[in-house]
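Commentary on secondary and tertiary structure
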Amino acid sequence: KKDVKSYGDIEADLDVLMTKRVSEAAANGNVPRHVSSIDVQTGEILIKMVDVPQNHLFATLQPSCECVRFFTQRHKTYPLIIQGPSAGPDSTASALLAELLNLMRKSEGSRPGEISRTNSSSFLIG
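Note that the coordinates shown come from a computational prediction; the quantities given were computed from them, not determined experimentally.

**Description of the pairing of strand β2 (residues 44–53)**
- Across ten bridges, the pairing between strand β1 (residues 30–39) and β2 is antiparallel. Counted as the bridge partner of Arg-33 is Val-50 from β2.
- With antiparallel pairing between neighbouring strands as the criterion, β1 and β2 make up a hairpin whose turn holds four residues, including Gly-43 at a positive phi of roughly 75 degrees.

**Thoughts on helix α1 (residues 7–27)**
- Relative to the 30 Å expected for 21 residues at 1.5 Å per residue, α1 spans 29 Å between its end C-alpha atoms, a close match to the ideal helical length.
- The sharpest bend along α1 reaches about 30 degrees and sits at Asp-13.
- Just past α1, the residue Gly-29 takes up positive phi, approximately 75 degrees.

**Section: the side chain of Asn-30**
- Of note, Asn-30 is situated in strand β1.
- By relative accessible area, which is 17% here, Asn-30 ends up buried.
- Those residues in contact with Asn-30 that sit more than four places away from it in its chain are Ala-25, Asp-51, Val-52, Pro-53 and Gln-54.

**Re the nonpolar core**
- With seven residues, the main nonpolar core is built from Val-31, Val-35, Val-52, Phe-58, Ala-59, Leu-61 and Cys-67.
- Listed by contribution, the elements that provide at least two residues to this core are β1 and α2 (57–60).
- Setting aside residues no more than four positions away along its own chain, Val-52 makes contact with Gly-29, Asn-30, Val-31, Arg-33, Phe-58 and Ala-59.

**Thoughts on the confidence of the model for the chain**
- Per-chain confidence: the chain averages 80 in pLDDT, with 80% of residues scoring 70 or above.
- Within the chain, the element-level pLDDT minimum falls on strand β6 (residues 122–125), averaging 49, and the maximum on β2, averaging 92.

**So, the environment of Phe-70**
- In this structure, Phe-70 sits in strand β3 (residues 65–70).
- Separated by eleven residues in sequence, Phe-70 and Ile-81 have C-alpha atoms that sit 6.4 Å apart.
- Residues contacting Phe-70, with those up to four places away along its chain left out, are His-75, Pro-79, Leu-80 and Ile-82.

The rules behind each value
- Residues numbered from 1 in each chain as written.
- Predicted model: local features only at pLDDT ≥ 70, side-chain atom pairs only at ≥ 80, totals over all residues.
- Heavy atoms only, no water.
- Pairing = 2+ DSSP bridges.
- Helix = DSSP H or I, 4+ residues; strand = E, 2+ residues; numbered from the N terminus.
- Expected span 1.5 Å × (residues − 1).
- Bend = angle between axes of the 7 residues up to and from the residue.
- Buried < 20%, exposed > 50% of the residue type's maximum accessible area, 1.4 Å probe, protein only.
- Contact = heavy atoms within 4.5 Å.
- Core = buried A, V, L, I, M, F, W, Y, C linked by side-chain atoms within 4.5 Å.
- pLDDT = per-residue confidence, 0-100.

Written out as structure tokens, the structure is:
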């Protein structure tokens, strides 16, 4: 049986390792970022920590912002870029509500009403 440690057991060690990683990257004019890539032709999916230059798009994103770059036949040299907020509470709630409404329409058909949104929640009126 494998001995699995809890996050609390390794938190201090991770902090030391990441502090060192950030310092070494900064000394070279970089910042570490998690980068994922999908090669559609091979089906290979990679998720890794990469040091990118401080002026790279991934380094300049605002906190809680996501960025996807598409390298395609048409966009070989300059990728198509989509960026925006990551799934915070509002985005997640909106997506879940949209999916729920879609499922309801499929099972019961559409029904009249309107969607109202408050600061952090959405609901169907009618």
